[in-house]
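Residue strings, one per chain:
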Amino acid sequence: MSNNTQIKESLSALMDGQADELEVRRVLKEVSENDELRDTWRRHQLAAAAMRRELPEQVVDYSSAIHAALEHEESLGGPSAFSRIAKPLGRLAVAASVAVIALVGVQQYNKPAGTSGNTPATVASIDNVQVDFSAPQLRNSVEFGIPPVTARTVSATNGAQQGYTAPRSVIQVTEVTPDKVTREQVQAYLNELMLQHTENAASNTNQGMLPFARMPTDQD
Amino acid sequence: MQLFSKLRQSLKLRLPFSLRLLHKRLGSLFVILITATPFSSSFALDDLSSVTNLLKQMAEANRQLSYQGIFSYEHGGALKTVKVFHSVRDGQEFERIIHLNGPEREVVRRGNNLNCQRLGDAMLKGELLRGESLRGAPSGLSELSRGYLESHYNLYMKGEDRVAGRDITIVHVVPKDKFRYGYVLGVDKETGLLLQSMLIGSKKRVLERFQFVDVTIRTLVDDMALEPTNQDHHLASLDAAPCLNEKGALPINSERHWKVTWLPPGFALSGYHISPERKRETLVFTDGLTVFSVFVDPDEVIKVPDMQAERGATVAFLSRIRNGNEEHVICVVGEIPIETAKKVAQSLIPIK
């Protein structure tokens, strides 16, 4: 019972906007499993709404939907682009062999939901890059209509917000063998190659050290 | 003389291929004719050749000038700021960059000899390229002597702007095919130093942007500024960037085991490296502006599925290849469309 009291405290904290993330999760979890608690929650909400004279004509219970959404939400911040990329790897315990994985940048190889796990875009279907970003009188990115750089901020979660109904299907394992690799290993390997490539780019082009700005600054 | 080369440049565009040889032979005659022409100075600068000259100037400035400053680097909505020092001492470049935000990162590079001409430099400068250095590039580039970039990009001068408080000339570099990305370059008017560079992907998307915030050019860079302060600094190597020999060719390396059978037009092998400890073979290709690397590792290094990854404008396409009984991991990494990376990876074969 003390547990119940505790959860009710959390619940009223949530209503006051005082609950921390952990409490929110606990409350939502409990609410989804405990009918009594859900009723309490509804009553509190109705009372609060009535006090604010905002009583809706119809009462809708969003809690299960929110809970489900939270369940599927990936944690924000912290991991580097690569760990974001590689995270699904670990989760699905992808094994070595022929698995085709589209990582960050799903948006670019935009495919209808459900097919995004396939090897993206054939050469034939790729957009013609020969865009005229050189039209006369145009001088900078704003003028020639290049979208802001933020257009590239792409991740599976963002993808979901942008209407991807199946953001998870970016991973498709077509064959599985027993040789497991961890996402850390894959990430470390790719990071190593990227660094070496950066070095190659810096020494084989004329841009001096500029390519080294591409080094990941997130913790590997 | 400079005017002549400009004229030749514009002629080259108009002459059919078969006439170019003839025109080359008659080159000296042209000089005489032009110098003898009283109104020769009235020729307006051809836009194309002034772009070519600008890029050539840039190529030299980027290596030869001493400068220090702070630039920003943006990709995927993330912004980094980086401090850079570049100095030339006794004909050698000394460079150091420090990431100013996020985890501490510092890279130092020393001893890049100014006399060392690399293939990428030669392409960008449009200097003579003999067939030798491009052997293996299946695109028949050997006869090109100038304006190498123009074969694969359309170049446009796009007016002026200001970056880091300095006047720049803007150049749009638009690819002629879908195998590479485009660039918007901002070149310092006074010195030719590259002060801004944007990589433009399909649908005109800016994939990344370098831009100086503040820069001092032709400055005396303090010795201490070139020394790393962070113990964990990275010492950048020049291993995979050999100098062209006196014939303008890459030195032969007989130990190579792998070659690609397809390259986007204009790309050629500009460097390679075989690391003794890891048995990793690295092939580096460039078209003068863009670089991608091909890594071949023994299978035991990592057991991974085929995959592709992206970070900013950099893509990686990872695959496997079998040579006899040996399994190898191939990874193509570069600032190129993923389809290009994939096609290159799939064209890799062992050298018999």
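Let me begin by describing the structure that accompanies this report.

Criteria and cut-off values
- Residues numbered from 1 in each chain as written.
- Chains lettered and ligands numbered in written order.
- Predicted model: local features only at pLDDT ≥ 70, side-chain atom pairs only at ≥ 80, totals over all residues.
- Heavy atoms only, no water.
- Helix = DSSP H or I, 4+ residues; strand = E, 2+ residues; numbered from the N terminus.
- Buried < 20%, exposed > 50% of the residue type's maximum accessible area, 1.4 Å probe, protein only.
- Contact = heavy atoms within 4.5 Å.
- Areas by Shrake-Rupley, 256 points an atom, 1.4 Å probe, with all protein chains shown as cover.
- Polar contact = N/O pair within 3.5 Å; in protein donor to acceptor, adjacent residues only side chain to side chain.
- Salt bridge = Lys/Arg side-chain N within 4 Å of Asp/Glu carboxyl O.
- Phe/Tyr/Trp six-rings, centres within 6.5 Å; stacked < 30°, edge-to-face > 60°.
- Lys NZ or Arg CZ within 6 Å of the ring centre and 35° of its normal.
- Pairing = 2+ DSSP bridges.
- Disulfide = S-S within 2.5 Å.
- Axes fitted to C-alpha atoms, helices over the stretch in contact; angles between N-to-C directions.
- Parallel < 35°, antiparallel > 145°, perpendicular 65-115°, else oblique.
- Left-handed = near helix turned anticlockwise from the far one by under 90°.

### A closer look at the overall build of chain B
Logical step 1: Counting its secondary structure elements, chain B contains six helices and 18 strands.
Logical step 2: For chain B, the residues scored as buried account for 57% of the 352 residues in total.
Logical step 3: In chain B, once contacts between residues fewer than 6 apart in sequence are set aside, the share between residues at least 24 apart is 52%.
Logical step 4: Taken as a whole, chain B presents about 15000 Å² of accessible surface, with 51% of it coming from carbon and sulfur.

### What about the environment of Asn112(B)?
All names here are of chain B.
Logical step 1: Note on placement: Asn-112 falls in strand 4 (residues 105-113).
Logical step 2: By relative accessible area, Asn-112 is classed as buried at 3%.
Logical step 3: Each C-alpha atom of the pair Asn-112 and Arg-63 lies 9.2 Å from the other, and the pair is 49 residues apart in sequence.
Logical step 4: Among residues more than four places away in sequence, those in contact with Asn-112 are Arg-63, Gly-91, Gln-92, Glu-93, Arg-118 and Leu-238.
Logical step 5: Side chain to side chain, Asn-112 and Arg-118 meet in a polar contact 2.9 Å long.

### Looking at unusual backbone geometry
All names here are of chain B.
Logical step 1: Look at Ala-164: it is not a glycine, yet its phi comes out positive at around 50°.
Logical step 2: Topologically, Ala-164 is positioned in the loop between strand 5 (153-163) and strand 6 (166-175).
Logical step 3: The phi angle at Lys-204 is positive, at roughly 60°, despite the residue not being glycine.

### Focus: the pattern of salt bridges
All names here are of chain B.
Logical step 1: Under the definition given, this model contains 23 salt bridges over all chains.
Logical step 2: Put simply, Arg-63 and Glu-93 hold a salt bridge, and the shortest N to O gap is 2.7 Å. Taken together, the residues span a long stretch of sequence, with Arg-63 in helix 4 (residues 47-64) and Glu-93 in strand 3 (residues 92-99) at a distance of 30 residues. Here Arg-63 and Glu-93 have matching classes, each one buried.
Logical step 3: Among the salt bridges present, the one from Arg-320 reaches Glu-327, with a minimum N-O distance of 3.1 Å.
Logical step 4: Of the residues examined, Glu-327 reaches a relative accessible area of 22% and is grouped as partly exposed.
Logical step 5: A single network of salt bridges, built from pairs that share partners, joins Asp-299, Lys-303, Arg-320, Arg-322 and Glu-327.

### Focus on the packing of aromatic side chains
Residues and elements named next belong to chain B.
Logical step 1: Counting across every chain of the model gives seven aromatic pairs over all chains.
Logical step 2: Seen in terms of ring centroids, Tyr-67 and Phe-212 are 6.3 Å apart; in terms of plane orientation they differ by 85°. Their pairing is edge-to-face. Separated by 145 residues along the polypeptide, Tyr-67 in strand 1 (residues 67-75) and Phe-212 in strand 9 (residues 206-217) bring together distant segments of the chain.
Logical step 3: By relative accessible area, Phe-212 is classed as buried at 4%.
Logical step 4: The aromatic ring of Tyr-153 is capped on one face by Arg-180, whose charged end is 5.6 Å from the ring centroid.

### So, the sheet that holds strand 9 of chain B
Residues and elements named next belong to chain B.
Logical step 1: Overall, mixed pairing links the 10 strands, which are arranged 5-6-7-8-9-1-2-3-4-10 in an open sheet. Whereas interior strands pair on both sides, the edge strands pair on one side only; in this sheet they are strand 5 and strand 10 (234-235).
Logical step 2: For strand 1 and strand 9, the ladder comprises eight bridges, and the chain directions are antiparallel. Residue pairing for strand 9: Tyr-67 is matched across the bridge by Ile-217.

### Details of the state of the cysteines
Joining two cysteines, a disulfide is a covalent bond between their sulfur atoms.
All names here are of chain B.
Logical step 1: Going through the model one piece at a time under the given rule, you end up with one disulfide over all chains.
Logical step 2: Each disulfide pairs two cysteine sulfurs, and for Cys-116 the partner residue is Cys-243, the sulfurs being separated by 2.1 Å. Because the sign of the S-S torsion sets the handedness, a value of about -110° for the bond joining Cys-116 and Cys-243 places this disulfide among the left-handed ones. Of this pair, Cys-116 sits in the loop between strand 4 and helix 5 (119-125) while Cys-243 sits in the loop between strand 10 and strand 11 (258-260), placing them 127 residues apart in sequence.
Logical step 3: By relative accessible area, Cys-243 is classed as partly exposed at 35%.

### A look at helix 6 (residues 338-346) of chain B
Since there are 3.6 residues in each turn of an α-helix, residues three or four apart along the chain are aligned in direction.
Residue and element names in this part refer to chain B.
Logical step 1: Burial analysis of helix 6 places seven of its nine residues in the buried class, the great majority of the element.
Logical step 2: Within the span of helix 6, buried status applies to Ile-338, Glu-339, Thr-340, Ala-341, Lys-342, Val-344 and Ala-345.
Logical step 3: Against strand 11, strand 14 (291-298), strand 15 (307-311), strand 16 (314-323), strand 17 (326-334) and strand 18 (348-350) lie the buried residues of helix 6.

### Points about the side chain of Ser197(B)
Residue and element names in this part refer to chain B.
Logical step 1: Looking at the element boundaries, Ser-197 is found in strand 8 (residues 194-200).
Logical step 2: With a relative accessible area of 5%, Ser-197 lands in the buried category.
Logical step 3: Excluding anything up to four places from it in sequence, Ser-197 contacts Tyr-183, Val-184, Leu-185, Glu-208, Arg-209 and Phe-210.

### Points about the environment of Lys80(B)
Logical step 1: Along the chain, Lys80(B) falls in strand 2 (residues 78-89).
Logical step 2: Taking the C-alpha atoms as reference, Lys80(B) lies 8.1 Å from Gly102(B); in sequence the two are 22 residues apart.
Logical step 3: Polar contacts involving the side chain of Lys80(B) include one to the main-chain carbonyl oxygen of Ala213(A), which spans 3.1 Å.
Logical step 4: A polar atom in the side chain of Lys80(B) sits 2.6 Å from the backbone oxygen of Met215(A).

### With respect to the packing of helix 2 (residues 21-33) of chain A against helix 3 (residues 35-51) of chain A
All names here are of chain A.
Logical step 1: Packing of helix 2 against helix 3 leaves a shortest axis separation of 5 Å and a crossing angle of 115°. With respect to their mutual orientation, helix 2 and helix 3 come out roughly perpendicular. When the axes of helix 2 and helix 3 are compared, the crossing they make is left-handed. Contact residues: Glu-30, Val-31, Ser-32 and Glu-33 in helix 2; Asp-35, Leu-37 and Arg-38 in helix 3.

### Concerning the pairing of strand 4 of chain B
Residues and elements named next belong to chain B.
Logical step 1: Examined bridge by bridge, strand 3 and strand 4 share eight bridges and lie antiparallel to one another. Bridge pairing in strand 4 places Arg-96 opposite Val-108.
Logical step 2: Between the end of strand 3 and the start of strand 4, which pair antiparallel, lie five residues, with Gly-102 showing a positive phi angle near 75°.
Logical step 3: As paired elements, strand 4 and strand 10 share two bridges and run parallel to each other. Counterpart to Val-107 in the pairing with strand 10 is His-234.

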